[in-house]
Amino acid sequence: MSLQPLQLPPQPGGKTSSIEETARQIVIVGANGSGKSRFTARMIHDCGPKAFPLSALSAIFERSSGPTGNLTIDARYDEAVANGMIHNNETSQLDRLLALLLNDEMRNLLAFKLRNRSHPGATLAPTRLDTVIDLWEQIFPGSRVLVESGRLLFARDADREEEQGYATSRLSTGEKAVLFYLAAMSYAPKRSIVFVDSPELFLHPTVTRSLFNHIESQRPDCRFVYTTHDLDFAASRSASSAVWVRSFDPATKTWQYEVLPPNTALSDEIYRTILGSRKPVLFIEGDGRRSIDSKLYPLIFPDFTIQALGSCNKVIEATRTFNDLNSFHHMDSRGIVDRDRRDTHEVEYLRRKRIMVPEVAEVENLLLIEEVVRTVASACGKDENHVADKVKRSIIKEFRNDLTQQALLHTRHRVKRIVECRIDGRFSSIDRLERHLADLPREINPRGLYDSLCKEFQRYVSTGDYASILRVYNQKSMLPGCNVAGLCGLRDKDDYLYTILRLLRTDPRAAERIRTAVLKCFNNVNDSLENEQSQA
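Residues numbered from 1 in each chain as written. Predicted model: local features only at pLDDT ≥ 70, side-chain atom pairs only at ≥ 80, totals over all residues. Heavy atoms only, no water.

Participant: I would appreciate a short explanation of the overall build of the protein chain in the present structure.
Facilitator: Check the secondary structure of the protein chain and you find 25 helices and 15 strands. By sequence separation, contacts in the protein chain at least 24 residues apart represent 67% of the contacts at least 6 residues apart. With the model as given, the accessible surface of the protein chain reaches about 27,000 Å², and the carbon-plus-sulfur share is 48%. (Helix = DSSP H or I, 4+ residues; strand = E, 2+ residues; numbered from the N terminus. Contact = heavy atoms within 4.5 Å. Areas by Shrake-Rupley, 256 points an atom, 1.4 Å probe, with all protein chains shown as cover.)

Set out below in C-alpha coordinates:
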(Lines give C-alpha, C1' and ligand atoms only; values in the text may rest on other atoms or scores of the structure.)
Protein backbone atom coordinates (compact mmCIF):
# COMPACT_ATOMS: atom_id res chain seq x y z
CA MET A 1 0.00 0.00 0.00
CA SER A 2 1.37 3.40 -1.00
CA LEU A 3 1.23 6.14 1.66
CA GLN A 4 2.10 9.81 1.59
CA PRO A 5 4.93 11.14 3.77
CA LEU A 6 3.48 12.38 7.07
CA GLN A 7 4.47 15.95 7.92
CA LEU A 8 5.46 16.55 11.55
CA PRO A 9 4.87 19.76 13.57
CA PRO A 10 7.32 22.69 13.30
CA GLN A 11 10.65 22.86 15.07
CA PRO A 12 12.50 26.02 16.20
CA GLY A 13 13.87 28.09 13.36
CA GLY A 14 11.27 26.90 10.88
CA LYS A 15 12.77 23.46 10.50
CA THR A 16 10.34 20.66 9.61
CA SER A 17 10.55 16.89 9.43
CA SER A 18 8.40 14.15 8.01
CA ILE A 19 7.83 10.41 8.38
CA GLU A 20 8.61 8.40 5.28
CA GLU A 21 5.78 6.90 3.29
CA THR A 22 6.77 3.31 4.14
CA ALA A 23 6.11 3.77 7.88
CA ARG A 24 2.65 2.44 8.71
CA GLN A 25 3.12 2.67 12.50
CA ILE A 26 4.35 5.84 14.22
CA VAL A 27 5.05 5.92 17.96
CA ILE A 28 5.25 9.26 19.79
CA VAL A 29 7.11 9.08 23.10
CA GLY A 30 8.72 11.44 25.58
CA ALA A 31 9.01 12.41 29.23
CA ASN A 32 6.08 13.79 31.22
CA GLY A 33 5.60 17.47 30.43
CA SER A 34 7.57 17.30 27.20
CA GLY A 35 4.60 18.32 25.05
CA LYS A 36 3.57 14.96 23.57
CA SER A 37 -0.16 15.67 23.80
CA ARG A 38 0.16 19.07 22.15
CA PHE A 39 2.42 17.51 19.52
CA THR A 40 -0.22 14.90 18.72
CA ALA A 41 -3.02 17.47 18.72
CA ARG A 42 -1.09 19.54 16.18
CA MET A 43 -0.63 16.46 13.98
CA ILE A 44 -4.36 15.73 14.17
CA HIS A 45 -5.14 19.32 13.18
CA ASP A 46 -2.70 19.24 10.28
CA CYS A 47 -4.06 15.93 8.99
CA GLY A 48 -7.59 17.38 8.73
CA PRO A 49 -10.34 14.95 7.69
CA LYS A 50 -7.83 12.09 7.36
CA ALA A 51 -7.34 12.09 11.13
CA PHE A 52 -9.28 9.53 13.18
CA PRO A 53 -8.49 10.21 16.88
CA LEU A 54 -9.24 7.62 19.57
CA SER A 55 -9.03 7.98 23.37
CA ALA A 56 -10.44 5.24 25.58
CA LEU A 57 -10.33 7.57 28.60
CA SER A 58 -12.58 10.15 26.94
CA ALA A 59 -14.78 7.53 25.29
CA ILE A 60 -15.62 5.70 28.52
CA PHE A 61 -15.79 8.46 31.14
CA GLU A 62 -16.72 11.74 29.42
CA ARG A 63 -20.37 12.55 28.89
CA SER A 64 -21.19 13.45 25.30
CA SER A 65 -23.31 16.58 25.28
CA GLY A 66 -21.81 17.55 21.93
CA PRO A 67 -19.09 16.42 19.49
CA THR A 68 -16.95 13.55 20.72
CA GLY A 69 -13.75 14.72 19.10
CA ASN A 70 -14.08 12.23 16.25
CA LEU A 71 -15.74 13.79 13.22
CA THR A 72 -16.56 10.46 11.57
CA ILE A 73 -18.31 8.98 14.60
CA ASP A 74 -20.14 12.28 15.27
CA ALA A 75 -21.35 12.53 11.69
CA ARG A 76 -22.69 8.95 11.63
CA TYR A 77 -24.39 9.34 14.98
CA ASP A 78 -25.99 12.66 14.07
CA GLU A 79 -27.24 11.16 10.80
CA ALA A 80 -28.85 8.23 12.64
CA VAL A 81 -30.49 10.62 15.12
CA ALA A 82 -31.78 12.86 12.31
CA ASN A 83 -33.29 9.82 10.57
CA GLY A 84 -35.06 8.79 13.75
CA MET A 85 -33.08 5.56 13.99
CA ILE A 86 -31.47 6.45 17.34
CA HIS A 87 -32.67 8.59 20.22
CA ASN A 88 -30.14 11.24 21.15
CA ASN A 89 -29.67 10.12 24.75
CA GLU A 90 -26.33 8.26 24.75
CA THR A 91 -24.01 9.54 27.47
CA SER A 92 -20.56 8.57 26.19
CA GLN A 93 -18.71 7.96 22.95
CA LEU A 94 -18.68 4.24 23.71
CA ASP A 95 -22.47 4.25 24.12
CA ARG A 96 -22.83 6.11 20.82
CA LEU A 97 -20.66 3.56 19.04
CA LEU A 98 -22.65 0.62 20.40
CA ALA A 99 -25.88 2.32 19.36
CA LEU A 100 -24.45 2.81 15.88
CA LEU A 101 -23.38 -0.84 15.66
CA LEU A 102 -26.82 -2.11 16.61
CA ASN A 103 -28.54 0.38 14.32
CA ASP A 104 -26.36 -0.64 11.37
CA GLU A 105 -26.97 -4.32 12.20
CA MET A 106 -30.72 -3.77 12.11
CA ARG A 107 -30.51 -1.88 8.82
CA ASN A 108 -28.37 -4.62 7.28
CA LEU A 109 -30.84 -7.30 8.37
CA LEU A 110 -33.78 -5.34 6.96
CA ALA A 111 -31.93 -4.81 3.67
CA PHE A 112 -31.09 -8.52 3.51
CA LYS A 113 -34.71 -9.49 4.14
CA LEU A 114 -35.97 -7.23 1.36
CA ARG A 115 -33.25 -8.42 -1.00
CA ASN A 116 -34.02 -12.05 -0.24
CA ARG A 117 -37.68 -11.56 -1.23
CA SER A 118 -36.74 -10.52 -4.75
CA HIS A 119 -33.60 -12.68 -4.96
CA PRO A 120 -34.19 -15.87 -2.95
CA GLY A 121 -31.01 -17.49 -1.70
CA ALA A 122 -29.11 -14.20 -1.25
CA THR A 123 -26.36 -14.33 1.37
CA LEU A 124 -25.81 -11.90 4.23
CA ALA A 125 -22.35 -10.36 4.08
CA PRO A 126 -20.42 -10.00 7.35
CA THR A 127 -21.36 -6.83 9.19
CA ARG A 128 -19.40 -4.47 11.40
CA LEU A 129 -20.89 -6.15 14.43
CA ASP A 130 -19.77 -9.55 13.15
CA THR A 131 -16.20 -8.25 12.88
CA VAL A 132 -16.29 -6.74 16.38
CA ILE A 133 -17.64 -9.97 17.89
CA ASP A 134 -15.08 -12.10 16.06
CA LEU A 135 -12.16 -9.95 17.25
CA TRP A 136 -13.55 -9.78 20.80
CA GLU A 137 -13.65 -13.56 21.03
CA GLN A 138 -10.09 -13.81 19.66
CA ILE A 139 -8.75 -11.33 22.20
CA PHE A 140 -10.71 -12.84 25.08
CA PRO A 141 -10.80 -16.62 24.42
CA GLY A 142 -13.71 -18.28 26.18
CA SER A 143 -15.86 -15.14 25.95
CA ARG A 144 -19.02 -14.77 23.88
CA VAL A 145 -21.07 -11.81 22.67
CA LEU A 146 -24.84 -12.18 22.39
CA VAL A 147 -27.41 -9.87 20.81
CA GLU A 148 -30.74 -9.86 22.59
CA SER A 149 -33.67 -7.41 22.45
CA GLY A 150 -31.60 -4.75 20.75
CA ARG A 151 -28.67 -4.83 23.17
CA LEU A 152 -25.30 -6.52 23.48
CA LEU A 153 -24.74 -9.08 26.21
CA PHE A 154 -21.46 -10.66 27.23
CA ALA A 155 -20.83 -14.11 28.65
CA ARG A 156 -17.94 -16.39 29.54
CA ASP A 157 -17.93 -20.12 29.06
CA ALA A 158 -17.13 -20.53 32.75
CA ASP A 159 -20.20 -18.55 33.83
CA ARG A 160 -22.74 -21.37 33.65
CA GLU A 161 -25.09 -19.66 36.06
CA GLU A 162 -25.38 -16.63 33.77
CA GLU A 163 -26.40 -18.22 30.50
CA GLN A 164 -28.11 -15.01 29.37
CA GLY A 165 -24.94 -12.94 29.74
CA TYR A 166 -24.46 -9.53 31.32
CA ALA A 167 -24.81 -5.97 30.03
CA THR A 168 -22.06 -3.65 28.83
CA SER A 169 -22.25 -1.70 32.10
CA ARG A 170 -20.87 -4.74 33.95
CA LEU A 171 -17.75 -4.99 31.81
CA SER A 172 -14.46 -4.04 33.43
CA THR A 173 -12.88 -0.76 32.37
CA GLY A 174 -10.28 -2.69 30.38
CA GLU A 175 -12.96 -4.69 28.58
CA LYS A 176 -14.83 -1.47 27.78
CA ALA A 177 -11.61 -0.03 26.34
CA VAL A 178 -11.18 -3.07 24.06
CA LEU A 179 -14.81 -2.84 22.97
CA PHE A 180 -14.42 0.87 22.24
CA TYR A 181 -11.34 0.38 20.05
CA LEU A 182 -12.92 -2.49 18.12
CA ALA A 183 -16.18 -0.63 17.56
CA ALA A 184 -14.48 2.66 16.65
CA MET A 185 -12.13 1.04 14.14
CA SER A 186 -15.08 -0.51 12.33
CA TYR A 187 -16.06 3.07 11.40
CA ALA A 188 -12.60 4.37 10.48
CA PRO A 189 -12.66 5.71 6.91
CA LYS A 190 -10.45 4.05 4.34
CA ARG A 191 -6.81 5.20 4.35
CA SER A 192 -7.34 7.26 7.49
CA ILE A 193 -4.63 8.17 9.99
CA VAL A 194 -5.64 6.67 13.33
CA PHE A 195 -4.33 8.56 16.38
CA VAL A 196 -4.46 6.43 19.54
CA ASP A 197 -3.91 8.27 22.83
CA SER A 198 -2.31 6.11 25.55
CA PRO A 199 -3.17 2.69 24.06
CA GLU A 200 -1.87 1.02 27.23
CA LEU A 201 -4.45 2.73 29.47
CA PHE A 202 -6.64 0.26 31.44
CA LEU A 203 -5.11 -2.76 29.66
CA HIS A 204 -2.69 -5.52 30.56
CA PRO A 205 0.40 -5.34 28.30
CA THR A 206 -0.34 -8.67 26.62
CA VAL A 207 -3.91 -7.56 25.84
CA THR A 208 -2.67 -4.22 24.50
CA ARG A 209 -0.27 -5.87 22.07
CA SER A 210 -2.81 -8.48 20.98
CA LEU A 211 -5.57 -5.90 20.52
CA PHE A 212 -3.64 -3.59 18.25
CA ASN A 213 -2.04 -6.46 16.36
CA HIS A 214 -5.55 -7.62 15.48
CA ILE A 215 -6.74 -4.11 14.64
CA GLU A 216 -3.75 -3.37 12.42
CA SER A 217 -4.18 -6.66 10.56
CA GLN A 218 -7.89 -5.88 10.01
CA ARG A 219 -7.14 -2.39 8.69
CA PRO A 220 -4.03 -2.59 6.50
CA ASP A 221 -5.23 0.53 4.67
CA CYS A 222 -4.83 2.74 7.76
CA ARG A 223 -1.84 4.37 9.36
CA PHE A 224 -1.53 4.23 13.16
CA VAL A 225 -0.01 6.93 15.34
CA TYR A 226 0.38 5.93 19.01
CA THR A 227 1.12 8.43 21.78
CA THR A 228 2.33 6.38 24.72
CA HIS A 229 4.36 6.20 27.93
CA ASP A 230 4.67 2.43 27.60
CA LEU A 231 8.02 1.76 25.98
CA ASP A 232 7.36 -1.99 25.97
CA PHE A 233 4.34 -1.36 23.78
CA ALA A 234 6.34 1.07 21.65
CA ALA A 235 8.99 -1.60 21.13
CA SER A 236 6.27 -4.11 20.15
CA ARG A 237 5.37 -2.02 17.08
CA SER A 238 8.10 -3.75 15.10
CA ALA A 239 7.62 -1.81 11.86
CA SER A 240 7.22 1.58 13.51
CA SER A 241 8.99 4.90 13.22
CA ALA A 242 9.40 6.57 16.61
CA VAL A 243 9.38 10.28 17.41
CA TRP A 244 10.97 11.42 20.65
CA VAL A 245 9.35 14.68 21.78
CA ARG A 246 11.83 16.49 24.01
CA SER A 247 10.19 19.86 24.78
CA PHE A 248 7.57 22.40 23.71
CA ASP A 249 7.93 26.20 23.41
CA PRO A 250 4.50 27.82 23.96
CA ALA A 251 5.72 31.22 22.74
CA THR A 252 6.66 29.99 19.26
CA LYS A 253 4.44 26.90 19.25
CA THR A 254 7.36 24.75 18.18
CA TRP A 255 8.73 21.46 19.47
CA GLN A 256 12.20 20.05 20.02
CA TYR A 257 11.97 16.47 18.79
CA GLU A 258 13.93 13.77 17.05
CA VAL A 259 12.91 10.99 14.69
CA LEU A 260 14.69 7.95 16.11
CA PRO A 261 17.18 6.28 13.77
CA PRO A 262 15.70 3.12 12.21
CA ASN A 263 17.14 -0.27 13.13
CA THR A 264 19.03 1.09 16.11
CA ALA A 265 20.41 -1.76 18.22
CA LEU A 266 19.16 -0.55 21.59
CA SER A 267 17.87 -2.76 24.37
CA ASP A 268 14.52 -2.04 26.00
CA GLU A 269 16.33 -0.66 29.06
CA ILE A 270 18.38 1.83 27.07
CA TYR A 271 15.40 2.74 24.95
CA ARG A 272 13.37 3.49 28.05
CA THR A 273 16.16 5.60 29.52
CA ILE A 274 16.64 7.65 26.36
CA LEU A 275 12.99 8.46 26.05
CA GLY A 276 11.90 8.80 29.65
CA SER A 277 14.51 11.06 31.21
CA ARG A 278 16.01 14.50 30.77
CA LYS A 279 19.03 13.87 32.99
CA PRO A 280 22.32 12.41 31.82
CA VAL A 281 22.34 8.64 32.07
CA LEU A 282 24.50 6.41 34.26
CA PHE A 283 24.42 2.70 33.44
CA ILE A 284 25.30 0.41 36.34
CA GLU A 285 25.53 -3.28 37.16
CA GLY A 286 22.92 -5.03 39.29
CA ASP A 287 19.26 -5.94 39.01
CA GLY A 288 17.74 -2.51 39.64
CA ARG A 289 16.05 -3.51 42.91
CA ARG A 290 18.04 -5.70 45.29
CA SER A 291 21.64 -4.93 44.35
CA ILE A 292 23.83 -2.57 46.36
CA ASP A 293 24.68 -0.73 43.13
CA SER A 294 21.09 0.28 42.49
CA LYS A 295 20.58 1.39 46.09
CA LEU A 296 23.84 3.30 46.55
CA TYR A 297 24.64 4.99 43.24
CA PRO A 298 21.42 7.05 42.90
CA LEU A 299 22.36 8.74 46.20
CA ILE A 300 26.00 9.25 45.19
CA PHE A 301 25.18 10.55 41.69
CA PRO A 302 21.86 12.43 42.18
CA ASP A 303 22.23 14.39 38.95
CA PHE A 304 22.10 11.23 36.84
CA THR A 305 19.31 8.91 35.80
CA ILE A 306 20.51 5.52 37.03
CA GLN A 307 19.75 2.50 34.86
CA ALA A 308 20.70 -0.96 36.12
CA LEU A 309 21.49 -3.41 33.31
CA GLY A 310 22.75 -6.51 35.11
CA SER A 311 26.17 -7.62 33.89
CA CYS A 312 29.27 -5.51 33.30
CA ASN A 313 29.25 -6.47 29.60
CA LYS A 314 25.77 -4.99 29.21
CA VAL A 315 26.92 -1.78 30.91
CA ILE A 316 29.92 -1.48 28.61
CA GLU A 317 27.88 -2.15 25.47
CA ALA A 318 25.06 0.19 26.52
CA THR A 319 27.46 3.06 27.21
CA ARG A 320 29.21 2.55 23.89
CA THR A 321 25.92 2.42 21.96
CA PHE A 322 24.44 5.40 23.76
CA ASN A 323 27.52 7.55 23.13
CA ASP A 324 27.61 6.51 19.48
CA LEU A 325 24.16 8.15 19.22
CA ASN A 326 25.16 11.36 20.99
CA SER A 327 24.43 13.43 17.89
CA PHE A 328 20.85 12.18 18.13
CA HIS A 329 19.97 12.49 21.81
CA HIS A 330 22.53 15.16 22.93
CA MET A 331 22.70 13.64 26.41
CA ASP A 332 25.73 12.77 28.49
CA SER A 333 26.06 9.11 29.41
CA ARG A 334 28.50 7.06 31.43
CA GLY A 335 28.78 3.63 32.94
CA ILE A 336 30.10 2.11 36.16
CA VAL A 337 31.51 -1.39 36.44
CA ASP A 338 33.30 -3.07 39.35
CA ARG A 339 37.06 -3.09 39.09
CA ASP A 340 37.17 -6.79 39.98
CA ARG A 341 40.61 -8.12 38.96
CA ARG A 342 41.25 -5.81 36.02
CA ASP A 343 44.78 -4.53 35.63
CA THR A 344 45.77 -0.91 34.99
CA HIS A 345 45.63 -1.24 31.19
CA GLU A 346 42.08 -2.64 31.24
CA VAL A 347 40.92 0.06 33.64
CA GLU A 348 42.40 2.88 31.59
CA TYR A 349 40.86 1.48 28.41
CA LEU A 350 37.40 1.44 30.02
CA ARG A 351 37.80 4.94 31.40
CA ARG A 352 38.64 6.25 27.94
CA LYS A 353 35.29 4.78 26.87
CA ARG A 354 33.48 6.76 29.61
CA ILE A 355 33.16 3.71 31.83
CA MET A 356 33.89 4.63 35.45
CA VAL A 357 35.92 2.05 37.35
CA PRO A 358 36.32 2.73 41.09
CA GLU A 359 39.54 2.30 43.04
CA VAL A 360 38.00 -0.65 44.89
CA ALA A 361 37.51 -4.20 43.68
CA GLU A 362 33.70 -4.29 43.97
CA VAL A 363 30.79 -2.16 45.10
CA GLU A 364 30.71 -3.79 48.57
CA ASN A 365 34.22 -2.44 49.18
CA LEU A 366 32.91 1.12 48.83
CA LEU A 367 31.06 0.53 52.09
CA LEU A 368 34.38 -0.25 53.78
CA ILE A 369 36.27 2.87 52.71
CA GLU A 370 37.82 4.23 55.90
CA GLU A 371 35.96 7.54 55.80
CA VAL A 372 32.64 5.77 55.21
CA VAL A 373 33.26 3.50 58.22
CA ARG A 374 34.20 6.51 60.35
CA THR A 375 31.07 8.41 59.32
CA VAL A 376 28.72 5.55 60.18
CA ALA A 377 30.48 4.90 63.50
CA SER A 378 30.23 8.58 64.46
CA ALA A 379 26.55 8.74 63.46
CA CYS A 380 25.88 5.69 65.65
CA GLY A 381 27.58 7.32 68.65
CA LYS A 382 30.72 5.18 68.53
CA ASP A 383 34.39 6.16 68.65
CA GLU A 384 35.18 6.39 64.92
CA ASN A 385 38.95 6.00 65.47
CA HIS A 386 38.44 2.77 67.41
CA VAL A 387 35.93 1.35 64.91
CA ALA A 388 38.01 2.25 61.85
CA ASP A 389 41.16 0.76 63.38
CA LYS A 390 39.41 -2.51 64.28
CA VAL A 391 37.85 -2.84 60.81
CA LYS A 392 41.15 -2.16 59.03
CA ARG A 393 43.09 -4.66 61.14
CA SER A 394 40.40 -7.30 60.59
CA ILE A 395 40.39 -6.89 56.81
CA ILE A 396 44.19 -6.82 56.57
CA LYS A 397 44.33 -10.04 58.60
CA GLU A 398 41.68 -11.68 56.41
CA PHE A 399 43.55 -10.60 53.27
CA ARG A 400 46.83 -12.00 54.65
CA ASN A 401 45.18 -15.39 55.18
CA ASP A 402 43.66 -15.28 51.69
CA LEU A 403 46.68 -13.75 49.93
CA THR A 404 47.88 -16.69 47.81
CA GLN A 405 44.36 -17.57 46.69
CA GLN A 406 43.72 -13.96 45.70
CA ALA A 407 47.02 -13.86 43.78
CA LEU A 408 46.01 -17.03 41.93
CA LEU A 409 42.61 -15.56 41.00
CA HIS A 410 44.25 -12.39 39.69
CA THR A 411 46.77 -14.49 37.75
CA ARG A 412 44.00 -16.55 36.15
CA HIS A 413 42.15 -13.40 35.12
CA ARG A 414 45.20 -11.79 33.52
CA VAL A 415 46.23 -14.99 31.72
CA LYS A 416 42.72 -15.33 30.37
CA ARG A 417 42.75 -11.74 29.08
CA ILE A 418 46.17 -12.17 27.43
CA VAL A 419 45.11 -15.41 25.73
CA GLU A 420 41.86 -13.86 24.50
CA CYS A 421 43.74 -10.95 22.97
CA ARG A 422 46.47 -13.08 21.43
CA ILE A 423 44.18 -15.77 20.02
CA ASP A 424 42.29 -13.15 18.01
CA GLY A 425 45.31 -12.69 15.74
CA ARG A 426 45.24 -13.62 12.05
CA PHE A 427 47.11 -16.74 10.99
CA SER A 428 47.78 -17.85 7.43
CA SER A 429 48.04 -21.55 8.31
CA ILE A 430 47.42 -24.07 11.06
CA ASP A 431 51.18 -24.45 11.46
CA ARG A 432 51.58 -20.78 12.36
CA LEU A 433 48.67 -21.01 14.80
CA GLU A 434 50.26 -24.05 16.47
CA ARG A 435 53.64 -22.32 16.78
CA HIS A 436 51.94 -19.25 18.20
CA LEU A 437 50.06 -21.25 20.83
CA ALA A 438 53.16 -23.29 21.69
CA ASP A 439 55.00 -20.09 22.64
CA LEU A 440 52.15 -18.67 24.73
CA PRO A 441 53.05 -20.27 28.12
CA ARG A 442 56.58 -18.91 27.88
CA GLU A 443 55.39 -15.46 26.83
CA ILE A 444 52.67 -15.28 29.46
CA ASN A 445 54.83 -16.76 32.24
CA PRO A 446 51.98 -17.45 34.71
CA ARG A 447 54.40 -18.51 37.47
CA GLY A 448 56.30 -15.26 37.23
CA LEU A 449 53.06 -13.28 37.19
CA TYR A 450 51.79 -15.14 40.24
CA ASP A 451 55.04 -14.61 42.19
CA SER A 452 54.98 -10.90 41.34
CA LEU A 453 51.41 -10.54 42.56
CA CYS A 454 52.19 -12.39 45.79
CA LYS A 455 55.05 -9.97 46.50
CA GLU A 456 52.85 -6.98 45.69
CA PHE A 457 50.05 -8.20 47.93
CA GLN A 458 52.49 -9.04 50.74
CA ARG A 459 53.76 -5.46 50.60
CA TYR A 460 50.19 -4.18 51.09
CA VAL A 461 49.93 -6.33 54.22
CA SER A 462 53.31 -5.42 55.68
CA THR A 463 52.78 -1.68 55.18
CA GLY A 464 49.12 -1.73 56.22
CA ASP A 465 48.09 -0.32 52.83
CA TYR A 466 44.36 -0.60 53.47
CA ALA A 467 43.29 1.35 50.35
CA SER A 468 45.29 -0.93 48.04
CA ILE A 469 43.83 -4.02 49.67
CA LEU A 470 40.30 -2.71 49.00
CA ARG A 471 41.37 -2.17 45.39
CA VAL A 472 42.41 -5.78 44.78
CA TYR A 473 40.45 -7.85 47.33
CA ASN A 474 37.36 -9.56 45.88
CA GLN A 475 35.69 -11.31 48.79
CA LYS A 476 31.95 -11.15 49.44
CA SER A 477 32.39 -12.33 53.04
CA MET A 478 34.60 -9.35 53.88
CA LEU A 479 31.71 -7.07 54.88
CA PRO A 480 30.20 -9.39 57.52
CA GLY A 481 33.58 -10.91 58.36
CA CYS A 482 35.13 -7.67 59.62
CA ASN A 483 32.16 -7.09 62.02
CA VAL A 484 31.81 -3.45 60.97
CA ALA A 485 28.08 -3.60 61.73
CA GLY A 486 28.58 -4.92 65.28
CA LEU A 487 31.32 -2.38 65.98
CA CYS A 488 28.89 0.39 64.98
CA GLY A 489 26.16 -1.05 67.19
CA LEU A 490 24.12 -2.35 64.27
CA ARG A 491 22.49 -5.76 63.78
CA ASP A 492 24.12 -7.00 60.58
CA LYS A 493 25.52 -5.99 57.20
CA ASP A 494 22.05 -5.19 55.86
CA ASP A 495 21.46 -2.82 58.78
CA TYR A 496 24.88 -1.27 58.09
CA LEU A 497 23.97 -0.68 54.43
CA TYR A 498 20.56 0.72 55.43
CA THR A 499 22.28 3.15 57.81
CA ILE A 500 24.57 4.41 55.04
CA LEU A 501 21.59 4.93 52.75
CA ARG A 502 19.63 6.67 55.50
CA LEU A 503 22.51 9.05 56.22
CA LEU A 504 22.82 9.87 52.52
CA ARG A 505 19.12 10.74 52.42
CA THR A 506 18.60 12.53 55.72
CA ASP A 507 21.87 13.79 57.24
CA PRO A 508 23.54 16.49 55.09
CA ARG A 509 26.86 16.52 56.97
CA ALA A 510 27.23 12.75 57.07
CA ALA A 511 26.05 12.51 53.47
CA GLU A 512 28.75 14.95 52.39
CA ARG A 513 31.44 12.88 54.10
CA ILE A 514 30.23 9.63 52.54
CA ARG A 515 29.65 11.07 49.07
CA THR A 516 33.05 12.79 48.99
CA ALA A 517 34.82 9.60 50.10
CA VAL A 518 33.08 7.49 47.46
CA LEU A 519 33.65 10.02 44.69
CA LYS A 520 37.39 10.04 45.48
CA CYS A 521 37.37 6.42 44.33
CA PHE A 522 36.40 7.72 40.89
CA ASN A 523 38.77 10.71 40.83
CA ASN A 524 40.81 9.34 37.95
CA VAL A 525 37.75 9.23 35.73
CA ASN A 526 36.73 12.82 35.26
CA ASP A 527 37.52 15.73 37.55
CA SER A 528 34.52 17.72 36.31
CA LEU A 529 32.19 14.90 37.35
CA GLU A 530 33.51 15.01 40.89
CA ASN A 531 33.02 18.78 40.99
CA GLU A 532 29.47 18.49 39.69
CA GLN A 533 28.48 15.87 42.25
CA SER A 534 30.19 17.59 45.21
CA GLN A 535 28.05 20.67 44.48
CA ALA A 536 24.80 18.65 44.33
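Participant: For this particular structure, what's the right way to read the sheet that holds strand β5 (residues 143-148)?
Facilitator: The antiparallel open sheet is built from three strands, whose spatial order is β5-β6-β7. One side of each edge strand has no neighbouring strand; the edge strands of this open sheet are β5 and β7 (166-167). By the bridge criterion, two bridges tie strand β6 (residues 151-156) to β7 in an arrangement that is antiparallel. By the bridge assignment, L153 is partnered in β7 with A167. (Pairing = 2+ DSSP bridges.)

Participant: How should I be thinking about unusual backbone geometry in this particular structure?
Facilitator: Even without glycine at this site, S198 takes up a positive phi of about 50°. Along the chain, S198 turns up in the loop between β8 (193-197) and α7 (205-218). Its relative accessible area of 16% is what places S198 among the buried residues. In this model, N483 sits at a positive phi of 60°, which is unusual for a non-glycine residue. Judged by its relative accessible area of 42%, N483 falls in the partly exposed class. (Buried < 20%, exposed > 50% of the residue type's maximum accessible area, 1.4 Å probe, protein only.)

Participant: Honestly, the packing of helix α17 (residues 403-423) against helix α18 (residues 430-444) in this entry has me stumped. Any pointers?
Facilitator: To describe two helices that pack against each other, one gives the angle between their axes and the distance between the axes. At a minimum axis separation of 11 Å, α17 and α18 run at an interaxial angle of 155°. In terms of orientation, α17 and α18 fall into the roughly antiparallel class. The chirality of how α17 crosses α18 is right-handed. Of the residues in α18, those in contact with V415, I418, V419, R422 and I423 of α17 are L433, H436, L437, L440, E443 and I444. Grouping the amino acids of the contact of α17 with α18 by side-chain chemistry returns eight nonpolar, one polar and two charged. (Axes fitted to C-alpha atoms, helices over the stretch in contact; angles between N-to-C directions. Parallel < 35°, antiparallel > 145°, perpendicular 65-115°, else oblique. Left-handed = near helix turned anticlockwise from the far one by under 90°. Nonpolar A, V, L, I, M, F, W, Y, C, P; charged D, E, K, R; others polar.)

Participant: Any chance you could explain the nonpolar core here in plain terms?
Facilitator: Grouped together as the largest cluster of nonpolar side chains are 64 residues, with contacts concentrated most on L296, F301, L368, V391 and Y496. The element contributing the most residues to this core is helix α19 (residues 446-463), with seven residues. For L296, the residues in contact, after removing those within four places along its chain, are V363, L366, L367, I500, L501 and L504. Counting 48 residues, the second largest nonpolar core, distinct from the first, contains V132, Y187, F224 and Y226. (Core = buried A, V, L, I, M, F, W, Y, C linked by side-chain atoms within 4.5 Å.)

Participant: Help me understand the side chain of R351, please; the structure alone is not making it clear to me.
Facilitator: Turning to its location among the elements, R351 is positioned in helix α13 (residues 344-352). Of note is the side chain of R351, whose polar atom sits 2.8 Å from the side chain of E359. (Polar contact = N/O pair within 3.5 Å; in protein donor to acceptor, adjacent residues only side chain to side chain.)

Participant: Looking at this structure, I do not really get the environment of Q256. What am I missing?
Facilitator: Note on placement: Q256 falls in strand β11 (residues 254-259). When the C-alpha atoms of Q256 and S34 are compared, they prove to be 9.0 Å apart, with 222 residues separating the residues in sequence.

Participant: Would you explain the sheet that holds strand β12 (residues 281-284) in this entry?
Facilitator: Pairing between the strands of a sheet comes from backbone hydrogen bonds, and it takes one of two forms, parallel or antiparallel. With parallel pairing, four strands are arranged side by side in an open sheet as β13-β12-β14-β15. With partners counted over all chains shown, the strands left at the sheet margins are β13 (305-308) and β15 (355-356), one partner each. Alignment of β12 against strand β14 (residues 333-336), held across three bridges, turns out to be parallel. Bridge assignment links L282 to a residue of β14, and that residue is R334. On top of the sheet, helix α10 (residues 292-300) reaches β12, β13 and β14; it is set at about 155° to β12, its chief contact. Where helix α11 (residues 312-324) meets the sheet, its contacts fall on β12, β14 and β15, and the angle it forms with β14 comes to roughly 170°.

Participant: Got a minute to help me understand the side chain of E285 in this structure?
Facilitator: Along the chain, E285 falls in the loop between β12 and α10. Of the side chains with opposite charge, R342 lies nearest to the buried E285, which makes no salt bridge, at 6.0 Å. In terms of polar contacts, E285 uses its side chain to reach the backbone amide nitrogen of D338, at 2.6 Å. In contact with E285, other than residues within four places in its own chain, are S291, D293, A308, G310, S311, C312, V315, I336, V337 and D338. (Lys, Arg positive; Asp, Glu negative; His and termini not counted. Salt bridge = Lys/Arg side-chain N within 4 Å of Asp/Glu carboxyl O.)

Participant: Which parts of the structure should I look at to understand the pattern of salt bridges?
Facilitator: Where charged atoms from two side chains of opposite charge approach closely, those side chains can pair. The full count for this structure, using the stated rule, is 20 salt bridges. Among the ionic pairs, R219 bridges to D221, the shortest N-O distance being 2.9 Å. A single burial state applies to R219 and to D221, both of which are buried. A salt bridge links D340 to R342; its shortest N-O distance comes to 3.9 Å. On the basis of relative accessible area, R342 is assigned to the buried category, the value being 14%. Linked through salt bridges whose partners overlap, the residues forming this network are E370, E371, R374, E384, K392 and R513.

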